[in-house]
Amino acid sequence: MGCAPSIHVSQSGLIYCRDSDESSSPHQTTTISQGTATLHGLFIKTDAADSIPAVLAYQSRQPPPSGDRRRKERRDPGASARARTPRCCGIEVETQTSNTSIKQVSTTEVQIGPMRLMQDPIQVLLIFAKEDNQSDGFWWACDRAGYRCNIARTPESALECFLDKHQEIIVIDHRNSRYFDAEDICRSIRATKPSEHAVILAVVPCTSADQEQTSILPLLNAGFNRQFMENSSITACYNELVQIEHGEVRSQFKLRACNAVFTALDHCQEAIEITNEDHVIQYVNPAFEQMMGYHKGELIGRELTELPKSDKNCADLLDTINTFIKKGKEWQGVYYTRRKSGDSIQQHVKITPVIGQGGKIRHFVSLKRLHCANENNNQLYKSHHDEKYTGDNSQSAASLQTRRYSSMARIHSMTIEAPITKVINIINAAQENSPITVAEALDRVLEILRTTELYSPQLGTKDEDPHTSDLVGGLMTDGLRRLSGNEYVFSKNVNLSHSLLSVPNTINDVPPCVVQLLDNEESWDFNIFELEAVTSKRPLVYLGLKVFARFGVSEFLNCAEATLRAWLQVIEANYHSSNSYHNSTHAADVLHATAFFLRKERVKGSLDHLDEVAALIAATIHDVDHPGRTNSFLCNAGSELAVLYNDTAVLESHHTALAFQLTTKDRKCNIFKNIDRNHYRTLRQAIIDMVLATEMTKHFEHVNRFVNSINKPMASEETSSHNDSSDCERTANIKNFADNQTLIKRMMIKCADVANPCRPLELCIEWAGRISEEYFEQTEEEKRKGLPVVMPVFDRNTCSIPKSQISFIDYFITDMFDAWDAFAHLPVLMQHLANNYKYWKTLDELKCRSLRLPSENNY
């Protein structure tokens, strides 16, 4: 039997009560304030109400009298340590925290955007007028979670303690209004600034099964965040607190970190404006107020359309900006705006859309700075001009700078914002404060940037391989090397009639020999020449029916199979079977490669069904009515097509225009007749874009854009995520941007169009022979008609086919297929490419100019 508790009075006058029985729990120490005390449970009541200790650090409480916890406490009296804390609310209190909890719970790392934050252990304030099982439950739940906890017994002490410690979670007893009004306490706490980041929980009495629950709205209106049905279970209290920590508290912690961001914005020298998706101003920083002459109170909440606008901008500039930012693209350029005083000023503006709730654009962030062409800044230019220089070099530098300022004013007044214009403007701005030598070097840079062929490598003039020179010159220029007085007309009659060849009525009527061949059409090693042989040089209809059926083209276009079949017949009939290379077999080969690429996971995940249909149609028509001559030949000959298309992408423009003419001329073969106008326009634009991409003059532009917009961002994402994100997530990001889809489609058809070096060796050799024969014939015709010889190296008597293939692979194929393989993952193709290149190198080293060694039929 324990002895009676003893009362101790400290030097400061505080009264402590301790059980004198050494075997009792060390947790039975309770702090009270001055006055005569009487025992009442674990609390000690004093004669004077004002002398009651209003705030207790509740870690000195007795653990619940059940289970392993109590047995553990008895076995290990030193498991808790008692320490004095600084004064809280004017009352010195005793705190006690489990050493185990302190070790288990440390700072937590939290990420918000690019910011990495460290969150201290959670603090909890319990506001209970008297001790009971419920307050015990929350207390020991805090102990289990490692939270720091205080308990307050009066409204005044609760508010004072909160203002001192800024607890993240506040639990208020709302079960009985006899001691205090819980809602009044909540309102008084909410009236303080720190409370905006606190979560306040109301403990409400349980309701019986037949009693209807009361509405939570009064609690929410009073400032509570949540309610907790009375439940003294430590686990229930623990679960509630942990949910609050990982929900509201974590969110509030992130919001508090935004104070640092706003501090940075407030001290930023650039003017910053943030609007919502409806262009209602939500924030401006002091730099913006100073630049525009407004006070933020005059701007926040107003729509941008309400503010005065300058009349110096181009009429359609706002529409251009809105078109960009509504698509999620960043816009950057020069813009005139009007200050509050009415003055127009020129700003360099950068507007960035910000994705928010629902994955939609919710904000636009605008960064604005005065453009250097403004009148205010002209004073700066003038001061530079008026400076005294010594020496001839200094005087010439001053003269150069003066001229540059006047030209800069003209350049910056332009509102044309093509990407290259932005680059040139940036370089011009950099020249302003650059030394004369740097300024002159930048002038040379600008000269280069103002040329049109930014992406085409410049071939050397000395010791250059003539095969490479002639090949590049023939494929990447429009010719235009006419001899004086020589103009030739070159045109082909368009065949609008259906072929007289036997064609299948339905996909099921295909001859057995063709069926057997088509069983393997999904393989990259599919032999298109065997299909050409068994179909009498009409492989496109048969392969097209099979591929289009597999990709559901008829279903997408809502057209009958008979219509699709008739369309394929008309298209194939307008390929020239007399061409050794550019015939319907080549079209079928490109269609096969396109279908193969479309089955690759990344390609499939990046494109929509409309993109797939467009790609298959584009592959089918991409060389229709090809005359077997290059664009350079047609331009030099002054052909009707070259005149019609102004010597620009002559054949590619003709292929698309003719294909749509053939398709829409006759309803029997009009595969587009049943789709709505919007779908048709989108599909038509995609088809045209892909066919025009096969024109070789823009080859390096397409490849470089693909590498910079697709390959590099995906490689960076894979590296930064350490392969945690899946291919599906990465391709989903690509799918969100139409420009990226366009680049993928262009790259796909370009690779399909020139995939011959990546085919199995026997097919590669056959294609090399066919294209060489076409070039030989063109060279012979050029010589016959007195036209400039576009590719002199392709002389039947002297040409080395292995050298021409090596040059073609080195200059056009390797980099492009490396980029495409990095995206689509094509190990079989890359292995064929390596083997074929080795084959051509071997022939070249043996000084063999033909397709094969004279002594062998096969390699």
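Residues numbered from 1 in each chain as written. Predicted model: local features only at pLDDT ≥ 70, side-chain atom pairs only at ≥ 80, totals over all residues. Heavy atoms only, no water.

1. With respect to the pairing of strand S16 (residues 271-276)
Right, on to step 1. Of all six residues that make up S16, six are buried, and the element is covered over most of its length.
Right, on to step 2. Taking every second residue as pointing to the same face, both faces of S16 are buried, with Ala271, Glu273 and Thr275 on one and Ile272, Ile274 and Asn276 on the other.
Right, on to step 3. The pairing of S16 with strand S17 (residues 281-284) spans three bridges and is classified as antiparallel. Within S17, the residue paired with Thr275 across the bridge is Ile281.
Right, on to step 4. What sits between S16 and S17 in their antiparallel hairpin is a turn of four residues, with His279 showing a positive phi close to 65°. (Buried < 20%, exposed > 50% of the residue type's maximum accessible area, 1.4 Å probe, protein only. Helix = DSSP H or I, 4+ residues; strand = E, 2+ residues; numbered from the N terminus. Pairing = 2+ DSSP bridges.)

2. Digging into the packing of helix H31 (residues 761-785) against helix H33 (residues 827-845)
To describe two helices that pack against each other, one gives the angle between their axes and the distance between the axes.
Right, on to step 1. Contact geometry for H31 and H33: axes closest at 10 Å, N-to-C directions at 55°. Taken as axis vectors, H31 and H33 run oblique relative to one another. The element H31 and its partner H33 pack so that their crossing is right-handed. Contacts between H31 and H33 involve Leu761, Cys764, Ile765 and Ala768 from the first element and Asn836, Tyr839 and Trp840 from the second.
Right, on to step 2. Tallied by class, residues from the contact of H31 with H33 come to six nonpolar, one polar and no charged. (Axes fitted to C-alpha atoms, helices over the stretch in contact; angles between N-to-C directions. Parallel < 35°, antiparallel > 145°, perpendicular 65-115°, else oblique. Left-handed = near helix turned anticlockwise from the far one by under 90°. Contact = heavy atoms within 4.5 Å. Nonpolar A, V, L, I, M, F, W, Y, C, P; charged D, E, K, R; others polar.)

3. Quick notes on the packing of aromatic side chains
Right, on to step 1. Under the criterion given, the structure shown has 23 aromatic pairs.
Right, on to step 2. An angle of 75° between the planes, with centres 5.4 Å apart, marks the rings of Tyr581 and Trp767 as edge-to-face. Here the residue Tyr581 occupies a position in the loop between helix H20 (561-573) and helix H21 (584-598), and Trp767 occupies one in helix H31, the gap between them amounting to 186 residues. Neither Tyr581 nor Trp767 differs from the other in exposure class; each is buried.
Right, on to step 3. Cluster of aromatic residues (ring-pair linked, three or more members): Trp524, Phe596, Phe597, Phe706, Trp820 and Phe823.
Right, on to step 4. Over the ring of Tyr238 we find Arg144, and its NZ or CZ is 5.3 Å from the ring centre.
Right, on to step 5. The side chain of Arg759 reaches across the aromatic face of Trp524, ending 3.8 Å from its centre. (Phe/Tyr/Trp six-rings, centres within 6.5 Å; stacked < 30°, edge-to-face > 60°. Lys NZ or Arg CZ within 6 Å of the ring centre and 35° of its normal.)

4. So, the sheet that holds S16
Right, on to step 1. An order of S17-S16-S20-S19-S18 is seen for the five strands of this open sheet, with the pairing classed as antiparallel. At either end of the open sheet lies a strand with only one pairing partner, and these are S17 and strand S18 (331-338). The mean angle between the axes of side-by-side strands here comes to 30°, regardless of whether they run parallel or antiparallel.
Right, on to step 2. Bridge analysis of S18 against strand S19 (residues 344-355) gives eight bridges, and the strand direction is antiparallel. Bridging from a neighbouring strand, Trp331 pairs with Ile351 of S19.
Right, on to step 3. This element, helix H10 (residues 317-326), spans S18, S19 and strand S20 (361-370) of the sheet and lies at about 140° to S18.

5. Notes on the side chain of His576
Right, on to step 1. Looking at the element boundaries, His576 is found in the loop between H20 and H21.
Right, on to step 2. Take His576: its relative accessible area is 12%, and that puts it in the buried class.
Right, on to step 3. At 3.0 Å, the side chain of His576 and the backbone oxygen of His626 are in polar contact. (Polar contact = N/O pair within 3.5 Å; in protein donor to acceptor, adjacent residues only side chain to side chain.)

6. Here we look at the confidence of the model for the protein chain
Right, on to step 1. Scored by pLDDT, the protein chain comes out at a mean of 78, with 72% of its residues at no less than 70.
Right, on to step 2. A low-confidence stretch, residues 373-416 stays under pLDDT 50, and its non-local contacts, those more than four residues away or across chains, total 53 contacts.
Right, on to step 3. The model gives residues 480-502 a pLDDT under 50, and that stretch makes 55 contacts with residues more than four places away or in other chains. (pLDDT = per-residue confidence, 0-100.)

7. Here's the deal with the pairing of S18
Right, on to step 1. Across the eight residues of S18, six count as buried, placing the element largely inside the fold.
Right, on to step 2. Linkage of S18 to S19, two consecutive antiparallel strands, is achieved through a turn of five residues, within which Gly342 is found at a positive phi near 100°.

8. Examining the pattern of salt bridges
If the charged atoms of two oppositely charged side chains come close together, the side chains can form a pair.
Right, on to step 1. In total, this model carries 35 salt bridges according to the counting rule given.
Right, on to step 2. Salt-bridge contacts for Glu240 lead to Arg226; the nearest nitrogen and oxygen are separated by 3.0 Å. Taken together, the residues span a long stretch of sequence, with Glu240 in helix H7 (residues 234-267) and Arg226 in strand S15 (residues 226-229) at a distance of 14 residues.
Right, on to step 3. In this structure, the salt-bridge partner of Glu701 is Arg705, at a minimum N-O distance of 2.8 Å. Placement of the pair is Glu701 and Arg705 together in helix H28 (residues 699-721), with a separation of four residues, close to one helical turn.
Right, on to step 4. Residue classification places Arg705 among the partly exposed residues on the basis of a relative accessible area of 34%.
Right, on to step 5. Beyond isolated ion pairs, a larger network of salt bridges with shared partners links Glu521, Glu522, Lys546, Arg550 and Arg599. (Salt bridge = Lys/Arg side-chain N within 4 Å of Asp/Glu carboxyl O.)

9. As for unusual backbone geometry
Right, on to step 1. At Lys537, a position not held by glycine, the phi torsion is positive, near 65°.
Right, on to step 2. Secondary-structure assignment places Lys537 in the loop between helix H17 (528-534) and helix H18 (539-550).

10. With respect to the nonpolar core
Note on soluble globular proteins: their nonpolar side chains tend to be buried together.
Right, on to step 1. By size, the foremost hydrophobic cluster in this structure holds 114 residues, and its most contacted members are Leu557, Trp567, Phe597, Ile617, Ile687, Trp820 and Trp840.
Right, on to step 2. In terms of residues, this core owes the most to one element, helix H32 (residues 801-824), which gives 13 residues.
Right, on to step 3. Beyond its immediate stretch of four places on either side in the chain, Trp567 contacts Phe548, Ile617, Thr620, Ile621, Thr663, Cys669 and Ile671.
Right, on to step 4. Of all hydrophobic cores here, the second largest spans 25 residues; its members include Phe138, Trp140, Val203 and Ile234. (Core = buried A, V, L, I, M, F, W, Y, C linked by side-chain atoms within 4.5 Å.)

11. So, the packing of helix H3 (residues 133-145) against H7
Right, on to step 1. Closest axis-to-axis distance for the H3/H7 pair is 8 Å, and the angle between their directions is 60°. Between H3 and H7, the crossing angle belongs to the class labelled oblique. Two packed elements cross with a definite hand, and for H3 against H7 that hand is right-handed. Residues Gln134, Gly137, Phe138, Trp140, Ala141, Cys142, Arg144 and Ala145 of H3 touch H7, and the partners they reach there are Ile234, Thr235, Cys237, Tyr238 and Leu241.
Right, on to step 2. Of the residues that constitute the contact of H3 with H7, the class distribution is nine nonpolar, three polar and one charged.

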